[in-house]
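Coordinate analysis (summary)
Each chain is listed here by its residues.
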Amino acid sequence: MAGQSKDDIMHDNATSAKWLVDAYQVKVYNVCYSLLHNHHNAEDVTQDVFLEVIKHIDSFRGDSKLSTWIYRIAVNRSLNFIRSARKRQIFKYIDELLSLSVSEESNFAYRPDPGNQDEQRLILQKALDTLPEKQRIAFTLNKIDDLSYKEISEIMNISHASVESLIHRAKLKLQKLLKDYYR
C-alpha cells in the first residue's frame, strides 16, 4: 500500500486499518514511548492514535506524507496525555497535602549509580522532561526516533531552521544538566 493515494487507502477500510497498524505501529509506539517513558501508557496512546487515524482517515488531505500526519497525531496525543497526567498529579499532591499523608521519604533525593544503564536512562529521561515542550519533541524525534529535520518540521509544522534551533538549544541545555552527572 506504500505510495498509494488517499482514495486507494480508503477503498477497503478493514484492509486499510490492518495495513496502517502493521506499517506504523512500531514507529508510533516508539514516538509515544520516547515522550511518555512508560510502556503501558505508550501502548494505550498508540492504540488511541490508530483509532483516531482510522476514524479520521477521510480528513487526511494528502498535503504531507501519511506518515507525517500519523506522527503528528502521535505527538499530539502523547502531549495531551502528559498534560492530563500532570493535572492528575497536581490533584493527587494537593490531596496528600490536605490529608497530611506525605511521608518524609517522598522528599528523599535519590542519586543513581552512574555505572548502571537503567539508571543512566532514567537520568536522561528526567533531563529530557525538563526541556521546554517544543525542544523535547524536536530532540526526541531526531535523536531517539531518528527522523530527519525535514520530517520533524512537517510533523511540528515549523520551519527547518526552527527545528535546527530547537535541537541545538536542547543539546546545550542537556549538556549543562548532565555535565556533573557524567564527570
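Read on for an overview of the structure. The structure displayed is predicted, hence computed values, not measured ones. (Residues numbered from 1 in each chain as written. Predicted model: local features only at pLDDT ≥ 70, side-chain atom pairs only at ≥ 80, totals over all residues. Heavy atoms only, no water.)

**Let's talk about the packing of helix α6 (residues 133–144) against helix α8 (residues 160–178)**
Where α6 contacts α8, the axes come no closer than 8 Å and their chain directions differ by 95°. Our classification of the angle between α6 and α8 gives roughly perpendicular. Taking contact as the criterion, the partners of Lys-134, Gln-135, Ala-138, Phe-139, Asn-142 and Lys-143 in α6 are, on α8, Leu-166, Ile-167, Arg-169, Ala-170, Lys-171 and Leu-174. Across the contact of α6 with α8, the residue classes tally to six nonpolar, two polar and four charged. (Axes fitted to C-alpha atoms, helices over the stretch in contact; angles between N-to-C directions. Helix = DSSP H or I, 4+ residues; strand = E, 2+ residues; numbered from the N terminus. Parallel < 35°, antiparallel > 145°, perpendicular 65-115°, else oblique. Contact = heavy atoms within 4.5 Å. Nonpolar A, V, L, I, M, F, W, Y, C, P; charged D, E, K, R; others polar.)

**Structural notes on the pattern of salt bridges**
If you walk through the whole model with that rule in mind, you get six salt bridges. We note a salt bridge from Arg-61 to Asp-63, for which the minimum N-O separation is 2.9 Å. The residues Arg-61 and Asp-63 share a single accessibility class, namely exposed. Here Arg-83 and Glu-133 are joined by a salt bridge, their closest N and O atoms 2.9 Å apart. One end of the pair, Arg-83, is in helix α4 (residues 66–99); the other, Glu-133, is in helix α6, with 50 residues separating them in the sequence. For Glu-133, a relative accessible area of 30% corresponds to the partly exposed category. (Salt bridge = Lys/Arg side-chain N within 4 Å of Asp/Glu carboxyl O. Buried < 20%, exposed > 50% of the residue type's maximum accessible area, 1.4 Å probe, protein only.)

**Describing the packing of aromatic side chains**
According to the stated counting rule, one finds three aromatic pairs in the structure shown. Geometrically, the ring pair formed by Trp-19 and Tyr-24 is edge-to-face, given 5.9 Å between the ring centres and 90° between the ring planes. No difference in accessibility class separates Trp-19 from Tyr-24, as the two residues are buried. Their ring planes at 20° and their centres at 5.9 Å tell us that Tyr-29 and Tyr-33 sit as a pair that is stacked. In this pair, Tyr-29 and Tyr-33 are both assigned in helix α2 (residues 13–36), four residues apart and thus about one turn of the helix distant. On the accessibility criterion, Tyr-33 (30% relative accessible area) is partly exposed. (Phe/Tyr/Trp six-rings, centres within 6.5 Å; stacked < 30°, edge-to-face > 60°.)

**Focus on the layout of surface pockets**
Empty space among the atoms becomes visible once a probe the size of a water molecule is rolled across them. A volume near 180 Å³ is recorded for the second largest pocket. Looking at the second largest pocket, the residues that line it are Ser-59, Phe-60, Arg-61, Gly-62, Asp-63, Ser-64, Trp-69, Arg-72, Ser-153, Glu-154 and Asn-157. If you list the elements that add at least two residues to the lining of the second largest pocket, you get α4 and α7 (149–156). Within the lining of the second largest pocket, the residues separate by chemical class into two nonpolar, five polar and four charged. (1 Å grid on protein atoms, 1.4 Å probe; cavity = no way out; pocket = protein on both sides within 12 Å on 5 of 7 lines; lining within 4 Å. Points joined across faces, edges and corners; volume = space filled by probe spheres on them.)

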